[in-house]
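The residues making up each chain are set out below.
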Amino acid sequence: MLSLRHSARLVRPCVYARTFLTSRCQFAAMSAFNSPIITDNVRPEPDGVLQEIADYVHDFKTESPVAIETARLCLLDTLGCGLEALKYDNCARLIGPVVPGTIVPYGTKVPGTSYQLDPIRGAFAIGTIIRWLDYNDCWLAAEWGHPSDNLGGILAVADWLSRTYRASGTSIISCAKQFKVKDVLEYMIKAHEIQGNLAIKNSFNAVGLDHVVLVKVATTAVVSKMIGLSRDQTVDAISQAWVDGQSLRTYRHAPNTGSRKSWAAGDACSRAVNLALMVQNGEAGLPSVLTAKTWGFYDVLFKGNPFKFQRPYGTYVMENVLFKISYPAEFHAQTAVEAAMALHKKIRDLGKSALDIASVAIRTQEAGNRIINKIGPLYNYADRDHCIQYMVAVPLLYGRLTADDYSDAVAADPAIDELRAKMTCTEDESFTVSYHDPNKRFIGNAVKITLTDGMELEEVVRYPIGHRARREEGIPVLLEKFERHVRGRFPDEQHVQSILQKSDLNIGEVDVDEYVDLYVKND
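Residues numbered from 1 in each chain as written. Predicted model: local features only at pLDDT ≥ 70, side-chain atom pairs only at ≥ 80, totals over all residues. Heavy atoms only, no water.

> What is the right way to read the overall build of the protein chain from this model?
Within the protein chain, the secondary structure is distributed over 22 helices and eight strands. Along the first, second and third principal axes, the C-alpha set of the protein chain runs to 95 × 70 × 45 Å. Looking at the protein chain residue by residue over its 523 residues, the buried ones come to 54%. For the protein chain, contacts bridging at least 24 residues in sequence account for 75% of all contacts bridging at least 6. A total accessible area of about 22800 Å² is found for the protein chain, and carbon and sulfur atoms account for 54% of it. Distance between charge centres in the protein chain, computed from 57 positive and 62 negative side chains, equals 6 Å. (Helix = DSSP H or I, 4+ residues; strand = E, 2+ residues; numbered from the N terminus. Buried < 20%, exposed > 50% of the residue type's maximum accessible area, 1.4 Å probe, protein only. Contact = heavy atoms within 4.5 Å. Areas by Shrake-Rupley, 256 points an atom, 1.4 Å probe, with all protein chains shown as cover. Lys, Arg positive; Asp, Glu negative; His and termini not counted. Charge placed at Lys NZ, Arg CZ, Asp CG, Glu CD.)

Given below as structure tokens:
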């Protein structure tokens, strides 16, 4: 009699044979019903979207005084926010060379530090510090974002090429040249326009992608022109930006909100510079990167939908960009914070405090309701500055909202969460309609408080001080904010005055590297 073990040995080959035969039959069936797919390998003309961006970058001449002056204000505000961000260790520790101690001769200098880095790492560093506090410009449409993020790549490349040219002409790299600040302003206007125009009708967040994809595309486009690429090479570089791995938006939302959202733009800038330099070194493009069936961006990542556009490329975005002037808060909450500040004063004038509040009702736009309406525990700085309830509670309690108010120390006050628990947040459809209206672009919020004695107080703010409609009111406050941030980083009064004097209306004629040198901090 065979043992059980020997029986198994006899049976097993039959099992293998049956499996093998089944697999062969399945393969034969598949072959019968799936004839070979023959792909037409003729390379098409580049996608129209790629060509239109390249043509705009290479051919458009900015003649709008409003756009140029707004770009100057944007440059100052963005650099100031970068200086302020360096106060925070979580930001400062990410800045610097990959290998400690590395210094790149003629490399880009990182404002507010003593670092001198290659342009790729420099783009990451500058892009990271200017975005860290979420405190400078913003663009809100079907997609939202911060067009000033592109300065990370623009300034890094302009500074690097200028330093190289000053040191050796074009003997080291043929694309070296002396840039003026007015050149940086021109490229800022174009990067703003590319990112903002793509955002007006196309929602990347709706398919789970982060808006920094647009930073990467816009920065790649303008940097390509800056380093001397031809129009066709610029098309190739832009195609590389679209095919590159795109960031998932999950780091901006519960339950994964984290600090990556603060360096995502720096990462996008560095990748953009790297891609442009690769094309300069001979890397080819992908002409139908967007439209290729099955494998293109539209089919893989955009549910098969082509991009839609409201207007041609010009200067519209820079002229209408929103500034965060008063509060370091996610932009959809700016007017809610402003309303809460007004209510804090009203209840104080009544001889009461936030402890006398029985309930708080917030009405916001659809985008704000979706992004920053958040209940439950808040785990970190990034979690708190993307929670509308937190951003309303702090000013109601303390009459302020600063970057420090997102810290663990402030958040430990139980009064904040107690007040949050009394809040409701809902969409107001009228705010949503005005939000998308190109002639308004309001970011409305209403905050209504009911006191324990039954009294009701409400504040409605339809657009913040950083809106174009309040530009005259906002500019002096914006310049005060810039000066405050400069003073916070540079204690020497002479140093501060040098920066302020060079940042006036004649800033355009200053050499880029000379201007950046003003921001060097020798620790």
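Now that the structure is up, let's keep going.
> What is the right way to read the nonpolar core from this model?
Among the nonpolar cores identified, the biggest contains 110 residues, and Ile53, Ile194, Ile227, Trp242, Phe307 and Tyr515 are the most heavily contacted of them. Non-local contacts of isoleucine 194, meaning those with residues more than four positions away in its chain, are made with Ile53, Tyr56, Val57, Ala218, Ala221, Val222 and Tyr313. Membership of the second largest hydrophobic core comes to 47 residues, among which are Ala340, Ile372, Tyr406 and Ile443. (Core = buried A, V, L, I, M, F, W, Y, C linked by side-chain atoms within 4.5 Å.)

> Looking at this structure, I do not really get the pairing of strand E5 (residues 357–364). What am I missing?
For a regular strand, the rule is simple: side chains alternate between the two faces of the sheet. In the sheet, E5 pairs with strand E7 (residues 445–451) via six bridges, with the strands oriented antiparallel. Opposite isoleucine 357, over in E7, you have leucine 451 as the bridge partner. Across five bridges, the pairing between E5 and strand E6 (residues 423–427) is parallel. In the sheet register, isoleucine 362 faces E6, and the bridge partner there is cysteine 425. (Pairing = 2+ DSSP bridges.)

> Would you mind going over the sheet that holds strand E8 (residues 456–461) with me for this structure?
Hydrogen bonds between backbone groups are what pair the strands of a sheet, and the pairing can be parallel or antiparallel. The mixed open sheet is built from four strands, whose spatial order is E6-E5-E7-E8. One side of each edge strand has no neighbouring strand; the edge strands of this open sheet are E6 and E8. Across the sheet, the mean angle separating the axes of adjacent strands is 15 degrees when strand polarity is ignored. Docked against the sheet, helix H13 (residues 334–349) engages E5, E7 and E8, running at close to 145 degrees with respect to E8. (Axes fitted to C-alpha atoms, helices over the stretch in contact; angles between N-to-C directions.)

> For this particular structure, what's the right way to read helix H20 (residues 471–489)?
Owing to its 3.6 residues per turn, the α-helix aligns residues three or four sequence positions apart on the same side. Taking 1.5 Å per residue, 19 residues should reach 27 Å; H20 reaches 27 Å between its end C-alpha atoms and fits that length. Considered for burial, the residues of H20 that qualify are Arg471, Gly474, Leu478, Lys481, Phe482, His485, Val486 and Arg489. Viewed along the axis of H20, the buried residues span an arc of 130 degrees, placing them on a single side of the element. Exposed residues pointing more than 90 degrees away from the buried face of H20 are listed as Glu472 and Glu480. Close packing links the buried residues of H20 with helix H3 (65–85), helix H12 (316–320), helix H21 (493–502) and helix H22 (512–517). (Expected span 1.5 Å × (residues − 1). Arc of directions from axis to C-beta.)

> Even after reading the chapter, I still don't get the pattern of salt bridges, so can you show me in this structure?
Opposite charge on two side chains permits pairing when their charged atoms draw close. This model, assessed by the stated rule, comprises 38 salt bridges. Salt-bridge contacts for aspartate 299 lead to lysine 293; the nearest nitrogen and oxygen are separated by 3.7 Å. On the basis of relative accessibility, which here comes to 31%, the residue aspartate 299 falls in the partly exposed class. Given a relative accessible area of 64%, lysine 293 falls into the exposed group. Between arginine 487 and glutamate 483 there is a salt bridge, with its nearest N and O atoms 3.0 Å apart. (Salt bridge = Lys/Arg side-chain N within 4 Å of Asp/Glu carboxyl O.)

> What is the right way to read the packing of aromatic side chains from this model?
Ring pairs (aromatic) are described by centroid distance and by the angle formed between their planes. One pass over the full model with this rule turns up 20 aromatic pairs. Taken together, a centroid distance of 5.2 Å and an interplanar angle of 65 degrees make the contact between tyrosine 515 and tyrosine 519 edge-to-face. Judged by relative accessible area, tyrosine 519 falls into the buried class, the value being 1%. Among the aromatic side chains, those forming a connected cluster through ring pairs are Phe204, Trp242, Phe297, Tyr298, Phe302 and Phe307. In this structure, lysine 190 packs its charged tip against the face of tyrosine 56, placed 5.9 Å from the ring centre. (Phe/Tyr/Trp six-rings, centres within 6.5 Å; stacked < 30°, edge-to-face > 60°. Lys NZ or Arg CZ within 6 Å of the ring centre and 35° of its normal.)

> How do you make sense of the environment of isoleucine 200 when you look at a structure like this?
Along the polypeptide, isoleucine 200 turns up in helix H7 (residues 181–201). Classification of isoleucine 200 as buried rests on a relative accessible area of 8%. Spatially, the C-alpha atoms of isoleucine 200 and alanine 141 are 4.8 Å apart, while their sequence positions differ by 59 residues. The contacts of isoleucine 200, once residues within four sequence positions are left out, are Trp139, Ala141, Ala142, Gln310, Arg311, Tyr316 and Arg441.

> What is the right way to read the packing of helix H2 (residues 48–59) against H7 from this model?
Between two packed helices, what matters for the description is the angle formed by their axes and the separation of those axes. Two elements in contact, H2 and H7, have axes whose closest approach is 10 Å; the angle formed by their N-to-C orientations is 160 degrees. If you check the angle between H2 and H7, you find them roughly antiparallel. Crossing geometry of H2 relative to H7 is assigned as right-handed. From H2, Ile53, Tyr56 and Val57 reach across to H7, where they touch Ile189, Lys190, Glu193, Ile194 and Leu198. Class assignment of the residues belonging to the contact of H2 with H7 gives a composition of six nonpolar, no polar and two charged. (Parallel < 35°, antiparallel > 145°, perpendicular 65-115°, else oblique. Left-handed = near helix turned anticlockwise from the far one by under 90°. Nonpolar A, V, L, I, M, F, W, Y, C, P; charged D, E, K, R; others polar.)

Note that all results are geometric; they support no functional claim without further evidence.
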